[in-house]
Amino acid sequence: MKALRVLLLAACFASLAIALALFLRDGITPVTLLVAAASVPLWLLGLLYRRGNVTLAAHGLILLTITVATAATVITGGVRSASVFVLMSSIVLASTFLSRGKTIAIVLYCIVALGVINGFEQSGMLPNALAPTGWTVWVIQAVVIALILISALAGQYRLQEAFDTQKEALRVAHEAEAGHKESQERFKALFRNNPVPCLVQSLEDRRTVDVNDAYVLASGFSRHDLVGQQPPNLWADPAEEQAFRDTLKTHGRVNGMRARGLRRDGSQFDSLIYAELIQQGNERLMIGMVVDMSAEERSSKALQQSEARFSKAFRHSPICMTLTRLSDGRYLEVNDACAQVFGGCPQDFIGKTSIETRVWPSQQVRDNYVNTMLRNGRLMGYETVVCNRRGEPVEVKVWAEIIDIEGEACALSFVLNLAEETRRRSMLMNLAEGISPKIGQAFFLSVTEHMAAALGATSVVIGEMAEGGGIDTLGLLHDGKLQTNRRVNLHEPSVAAMLANVDLCVLELPAGVSLLTDVPFVDEHPHTVAGVALRDPDGTAIGLLAVAWEHTAQIGADIQALTSIFASRSSAELMRLRRDWKIQRLQDTLEQRVQARTAQLQHINRELDSFAYSVSHDLKSPLRSIDGFMHVLREQMGDRLRPEDDAIIHRVSASASRMGGLIKDLLALARVSQTQLQRTWTNLSVMAEEVIQQEQQRDPENAVEVVIEPGLLADCDSHLARIALENLLGNAWKYSRNTPQPRIHFGLVPASEAVAPTFFVRDNGAGFDMSRSDRLFKPFTRLHQPSEFQGSGIGLATVYRIIERHGGQIQGEGEVGKGAVFRFTFGRTLQD
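Remember, it's a predicted structure, so these values are computed and weren't measured experimentally. (Residues numbered from 1 in each chain as written. Predicted model: local features only at pLDDT ≥ 70, side-chain atom pairs only at ≥ 80, totals over all residues. Heavy atoms only, no water.)

**Details of the overall build of the protein chain**
Okay, so step 1: The helix and strand tally for the protein chain stands at 19 helices and 24 strands.
Okay, so step 2: The 832 residues of the protein chain split such that 38% are buried.
Okay, so step 3: Long-range contacts, defined here as pairs at least 24 residues apart, represent 55% of the contacts in the protein chain between residues at least 6 apart. (Helix = DSSP H or I, 4+ residues; strand = E, 2+ residues; numbered from the N terminus. Buried < 20%, exposed > 50% of the residue type's maximum accessible area, 1.4 Å probe, protein only. Contact = heavy atoms within 4.5 Å.)

Here it is in structure tokens:
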């Protein structure tokens, strides 16, 4: 601070001057020495100031002033001395260089110091160099000091306020200047780099002040031709120029005026003009922009045409197309073809998210779809699963591209219903293969319907060439309805042309001429017919396949291929059908011969059964005689029998006994064949329990677990049914004898009421080898050795004969060491 420097310098010289004056007046006194000594610290404070310690120098000056003034006042002996004014000057110095708080502290010190000195003076404690005073002098001094303080503080405040105001004004001025400069630079950059042609022109003399590069490029003139010069004629119509200037002078601006511009080469262009008047000093300037609307209109028209084409392609596409927002999955556009995938109409989806419409089966499926698209930037044949409006899963394949719409990432998707595609492919395959699962009349009817649907035909005729002319139809359809097969007459020239061609023959019939002579078309106008002959392997025409449309049809390669396939398949089926008819005629006569032979065989079988019964019955008497004679012989011989004689007699008796068993079984088998059936509802569960009780009494040592399901009813001959159960359960008991934990189960196989109830007998016994199952029900055939299990081999044959007589069936399954199961029916349902 320069003021502090001047003040320090002045105080240094003033202290020396005051000390000299006091010396000349009073000589060497304490006051003189004090004032002279004060010059030394003053010079030291000056050195501090020169070294940059401004604050320390200011504080030191004020402290030195207070100290010297207080000491001088005490030495002079009163508050009326001149040193008091030096003390008061410290207040002025404090208000200038110190803060407000420190200034107030200095003031308080001065008031207290003067009060103390005044008290000392009144009490006589100070030398009486001056006349005595009262407290009035101190009060006056205090008031003066307070006024000095107030005045100093007020001046300091006004000075600080003025300083702050000037400082803020300077800052605002600098900011305004910087903003103006920045605004000017921005305007200049905007003006220069604006892609829209711009120019600045004086309104009075029409002198061009500046133009940007876009204006130079659009007008064809160089900058030298325009800046600082009267502009060339840039208006195609002078009336438009005059209207522009009138509007600008009247309103101060022009907003979007349409006009025709003129380039340097004489070409004209449509433009849109914007202009604004500004005042720069005493000069009025016009800033104008000229928008070339030719390219804009061409671009807008092209954009509209492109949007129209895209909209038409989008709306009428046969493939499902959607436009969705990726951020939330909201549908922006959906075409009508999406009904094939999702069901419903576009209004059911537009404006809603995929979560609201429940298109995705889960959030994870949608996240995978979106993440794959974001990762690859597109989707190519992405296979996933969506849900239709009924909540059913639909397998789809998606092609999608990410596009930007108003700054928002969206997905344009093409969705193909794989199930629908598979169905169409399957339908085409069925058509192409000629509905192969069907044969005979059903085949031709199916082909007729499918051809009409696939080709969009009005009439379809498939038939065999009839003797004497005409066609015996195998399939006939007209106007979407199958007709009764009959002999029909077709348009003879058309039939002749079709039979003469090897491949498909296509004809155009004139108005009023119909392929079916007895079924004319309603609309009388030219129409298309096509047909191909059905031929046998040697090329002879045996039939005809013909199709007719009510209009002129375009017969493409696909129709030709399908028709050829249908014709080939129909030819094969017609030849097979003709062979079947021939075979049927042979079968009609064969059936009579078979019936006669069957009656003869049945008569022979009855005679054989009768003979077997007679022979078996007649053999009983000799066997009883042999057995009796053996007992008599053993009794008469007594002790004279040798061991080998006894063994022979035992073997003869055993053989007679075994033969008696065989005769008994043969008689039982013969009775089964001869007995007349007497069906009645029989409780097989009760019957089985009785049979098991007999087995338990006969073989009590065999502990078998038996399970018999209750309430098993059958419509059968109770006597024969008991014989069947005795054999089946007896076998199960016998063959389970060597099993550690034998078990027999008799029950019913679960089945529909529409079929005869099937019963089963299951055991866990010895079982049998299924490779020998073909001998299971043959008489005198056994699958086990006699040493293992006793038996004659007649039991299962008898069961088979019983079941056969009931019109039922029986089958057996087994595994060696794991048991066997026999299932059988009595040939009647519960509803019969």
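**As for the state of the cysteines**
Okay, so step 1: The final tally for this structure, using the stated rule, is one disulfide.
Okay, so step 2: The disulfide partner of Cys320 is Cys338, and the gap between their sulfur atoms is 2.1 Å. Linking Cys320 and Cys338, the disulfide has an S-S dihedral of approximately 85 degrees and is accordingly described as right-handed. Taken together, the residues span a long stretch of sequence, with Cys320 in strand S6 (residues 320-325) and Cys338 in the loop between strand S7 (331-334) and helix H11 (363-376) at a distance of 18 residues. Each member of the pair, Cys320 as well as Cys338, carries the same accessibility label: buried. (Disulfide = S-S within 2.5 Å.)

**Let's talk about the environment of Gly381**
Okay, so step 1: Inspection of the secondary structure assignment puts Gly381 in strand S8 (residues 378-387).
Okay, so step 2: Separated by 34 residues in the primary sequence, Gly381 and Val415 place their C-alpha atoms 9.1 Å from one another.
Okay, so step 3: Contacts of Gly381, omitting those with residues within four sequence positions, involve Lys397, Val398 and Trp399.

**Considering the nonpolar core**
Note that soluble globular proteins tend to have their nonpolar side chains buried in a common cluster.
Okay, so step 1: Within the largest apolar cluster, 35 residues are counted, with the highest numbers of intra-cluster contacts made by Leu684, Phe746, Phe824 and Phe826.
Okay, so step 2: The set of elements that each furnish at least two residues to this core consists of helix H17 (684-698), strand S20 (713-717), helix H18 (718-735), strand S21 (743-749), strand S22 (758-763), helix H19 (795-805) and strand S24 (819-825).
Okay, so step 3: Top element by residues in this core is H18. It accounts for nine residues.
Okay, so step 4: Discounting chain neighbours no more than four positions away, the residues touching Leu684 are Leu712, Ala714, Cys716, Ala721, Leu725, Phe746, Phe759 and Phe826.
Okay, so step 5: One finds Leu474, Leu562, Leu574 and Leu577 within the second-largest nonpolar core, a separate group that totals 28 residues. (Core = buried A, V, L, I, M, F, W, Y, C linked by side-chain atoms within 4.5 Å.)

**Some words on the packing of aromatic side chains**
Okay, so step 1: Tallied over the full model, the rule gives 11 aromatic pairs.
Okay, so step 2: It is Arg389 that lies over the ring of Phe349; its NZ or CZ is 5.7 Å from the centre. (Phe/Tyr/Trp six-rings, centres within 6.5 Å; stacked < 30°, edge-to-face > 60°. Lys NZ or Arg CZ within 6 Å of the ring centre and 35° of its normal.)

**Brief notes about H18**
Okay, so step 1: Relative to the 26 Å expected for 18 residues at 1.5 Å per residue, H18 spans 25 Å between its end C-alpha atoms, a close match to the ideal helical length.
Okay, so step 2: Judged by how many residues are buried, H18 sits mostly within the fold: 13 of 18 residues are covered.
Okay, so step 3: Put simply, Asp717 is the residue that caps the front of H18, since its side-chain oxygen is 3.0 Å from the backbone nitrogen of His719. (Expected span 1.5 Å × (residues − 1). Polar contact = N/O pair within 3.5 Å; in protein donor to acceptor, adjacent residues only side chain to side chain.)

**Description of the packing of H17 against H18**
Okay, so step 1: Relative to each other, H17 and H18 sit at 50 degrees, their axes nearing to 9 Å. Viewed along their axes, H17 and H18 adopt a mutual orientation that is oblique. Classified by chirality, the crossing of H18 by H17 is right-handed. Contacts from Leu684, Met687, Ala688, Glu690, Val691, Ile692, Gln694, Glu695 and Gln696 in H17 reach Ser718, Ala721, Arg722, Leu725, Glu726, Leu729, Gly730 and Trp733 in H18.
Okay, so step 2: The residue inventory of the contact of H17 with H18, partitioned by class, reads nine nonpolar, four polar and four charged. (Axes fitted to C-alpha atoms, helices over the stretch in contact; angles between N-to-C directions. Parallel < 35°, antiparallel > 145°, perpendicular 65-115°, else oblique. Left-handed = near helix turned anticlockwise from the far one by under 90°. Nonpolar A, V, L, I, M, F, W, Y, C, P; charged D, E, K, R; others polar.)

**Let's talk about a nonpolar patch on the surface**
Okay, so step 1: The grouping of Leu20, Phe23, Leu24, Ile28 and Leu33 at the surface amounts to a nonpolar patch, some 560 Å² of accessible area in total.
Okay, so step 2: Mapped onto the elements of the fold, Leu33 is located in helix H2 (residues 30-50).
Okay, so step 3: On the basis of relative accessibility, which here comes to 52%, the residue Leu33 falls in the exposed class. (Patch = residues over 30% accessible without salt bridge, like charges linked within 9 Å, V, L, I, M, F, W, Y side chains within 5 Å. Areas by Shrake-Rupley, 256 points an atom, 1.4 Å probe, with all protein chains shown as cover. Salt bridge = Lys/Arg side-chain N within 4 Å of Asp/Glu carboxyl O.)

**Regarding the sheet that holds strand S5 (residues 283-292)**
Okay, so step 1: Pairing is antiparallel across the open sheet formed by five strands, whose spatial order is S2-S1-S5-S4-S3. Of all the strands in the sheet, just strand S2 (208-211) and strand S3 (253-262) have a single pairing partner and so form its edges. On average, each strand axis in the sheet is inclined to that of its neighbour by 25 degrees, with strand direction left out of account.
Okay, so step 2: Bridge count for strand S4 (residues 268-280) against S5 is 10 bridges, and the pairing is antiparallel. Its bridge partner being in S5, Glu276 is matched across the sheet by Ile287.
Okay, so step 3: Of the strands in this sheet, strand S1 (198-202), S3, S4 and S5 are in contact with helix H9 (residues 238-251), which crosses S3 at around 165 degrees. (Pairing = 2+ DSSP bridges.)

**Here's the deal with the pattern of salt bridges**
Okay, so step 1: Enumeration according to the criterion identifies 20 salt bridges in this entry.
Okay, so step 2: Of the charged contacts in the structure, one is a salt bridge between Asp328 and Arg330, with a shortest N-O distance of 3.5 Å.
Okay, so step 3: Residue class for Asp328 comes out partly exposed when judged on its relative accessible area of 26%.
Okay, so step 4: Judged by its relative accessible area of 24%, Arg330 falls in the partly exposed class.
Okay, so step 5: Across the pair Glu464 and Arg578 runs a salt bridge whose closest N-O atoms are separated by 3.2 Å.

**Focus: the pairing of S7**
Okay, so step 1: The sheet contact formed by S6 and S7 spans three bridges and is antiparallel. Bridging across to S7, Leu323 finds its partner in Glu333.

**Quick look at the sheet that holds S22**
Okay, so step 1: Strand order in the open sheet made by the five strands is S19-S21-S22-S24-S23, with mixed pairing throughout. This sheet does not close on itself; its edge strands, each paired only once, are strand S19 (705-708) and strand S23 (810-815). Taking each pair of neighbouring strands and ignoring which way they run, the sheet shows an average axis angle of 15 degrees.
Okay, so step 2: H17 rests against S19, S21 and S22 of the sheet, and its axis sits at about 165 degrees to S19.

Bear in mind that shape data such as this cannot, by itself, settle questions of function.
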